[in-house]
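Structural overview for review
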Number of protein chains: 2
Amino acid sequence: MNIRTALPRLAWAGIAFAGTLLPISAFADDQDVRDYRSHVMKTMGEQMALLSKITKGKAPAGDVVAQAEVLSISAGMLKVAFTPKVLGGESKPEVWDKWEDFSKRLDDLVVATADLAKAARQGGVAAVTPKLGGLSCKGCHDTYRVPKK
Amino acid sequence: MNIRTALPRLAWAGIAFAGTLLPISAFADDQDVRDYRSHVMKTMGEQMALLSKITKGKAPAGDVVAQAEVLSISAGMLKVAFTPKVLGGESKPEVWDKWEDFSKRLDDLVVATADLAKAARQGGVAAVTPKLGGLSCKGCHDTYRVPKK
């Protein structure tokens, strides 16, 4: 784990200070950080697939609020997961080399998914459909994720 | 899709009546049902992994409420996903042969995960840890899921 996330092993202390002053406590080691990112991203991938099915009329419209909420909550975990400068996994070094851009994209994603969840609550599938198209995984993945082999 | 989930193709009508009088509208075809189950289950698997990490001090304690909420919300989607008697995927026929038992287990899971989320909100990781151990995926999977090859 990089110096940015120093104060290591304060697993239960709750708050360490990174460049952004985010609380990023409590990863025991570097692999934990990579695993955490992977789990959160996979949840988001499943949720995007679920929401895509719903907007295409292939899954229950009645679930749209719950699925959008899950996506939105999960997006909120990404900043904590990526703030530690732990290279490897599927992250390119560009995540931290261009942290200002990447970090802003995470913030934008949190706002966009919260907006999606709000749309779901207020307008159901009809309100979610146009917004979901604007939520691109690819935009960030092309730049910041190691391509799948 | 079985007769229990008849009134097919009412993808946008919102409500069809199964034996349980649950609203289980809106799967376009059988493969959609299987895919939906798979996506929800995968989200739950990722969330269980995340919560396990948190309770072991390997991931941020500050995320415990959000992760438990996601698990709880996702559990609520299982009944809709399994009520249609669509065989295949990783589901054994026993799901519907023993529907009373399976269905009760889903209901129990919804209660247990809601309880977990409440514990997270009220008592954080310390409250979640003992309850997480009581949440076994294996209990149902051994009986109702096709074993991985």
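This text follows the structure it describes.
Below is a short write-up of the structure. Computed from a predicted model, the values in this text were never measured in an experiment.

**Here's the deal with the packing of helix α1 (residues 30–55) of chain B against helix α2 (residues 64–75) of chain B**
All names here are of chain B.
- Put simply, α1 and α2 touch, their axes get as near as 9 Å, and they point 155° apart. It follows that α1 is roughly antiparallel to α2 by the angle criterion. At the point where α1 passes α2, the crossing takes the left-handed sense. On α2, the residues touching V40, T43, M44, Q47, M48, L50, L51 and I54 of α1 are V64, Q67, A68, V70, L71, S74 and A75.
- Looking at the contact of α1 with α2 residue by residue, the class counts come to eleven nonpolar, four polar and no charged.

**Let's talk about the interface of chain B and chain A**
- Across the contact, 37 residues belong to chain B and 36 residues belong to chain A.
- Both sides of the chain B and chain A interface together cover about 3,000 Å² of buried area, and 64% of this is carbon and sulfur.
- Counting across the chain B and chain A interface gives six salt bridges.
- Among the salt bridges present, the one from D32(B) reaches K58(A), with a minimum N-O distance of 3.8 Å.
- For the pair chain B and chain A, the interface holds twelve residue pairs in polar contact (both at pLDDT 80 or more).
- For the side of chain B that touches chain A, the leading source of residues is α1(B), giving 15 residues.

**A few points about the state of the cysteines**
Residues and elements named next belong to chain A.
- In total, this model carries zero disulfides over all chains according to the counting rule given.
- Cysteine C137 remains unbridged, with the sulfur of C140 as its closest cysteine sulfur at 9.0 Å.
- Judged by relative accessible area, C137 falls into the partly exposed class, the value being 39%.

Criteria and thresholds
Residues numbered from 1 in each chain as written. Chains lettered and ligands numbered in written order. Predicted model: local features only at pLDDT ≥ 70, side-chain atom pairs only at ≥ 80, totals over all residues. Heavy atoms only, no water. Axes fitted to C-alpha atoms, helices over the stretch in contact; angles between N-to-C directions. Helix = DSSP H or I, 4+ residues; strand = E, 2+ residues; numbered from the N terminus. Parallel < 35°, antiparallel > 145°, perpendicular 65-115°, else oblique. Left-handed = near helix turned anticlockwise from the far one by under 90°. Contact = heavy atoms within 4.5 Å. Nonpolar A, V, L, I, M, F, W, Y, C, P; charged D, E, K, R; others polar. Buried area = accessible area lost by both parts, 1.4 Å probe. Salt bridge = Lys/Arg side-chain N within 4 Å of Asp/Glu carboxyl O. Polar contact = N/O pair within 3.5 Å; in protein donor to acceptor, adjacent residues only side chain to side chain. Disulfide = S-S within 2.5 Å. Buried < 20%, exposed > 50% of the residue type's maximum accessible area, 1.4 Å probe, protein only.

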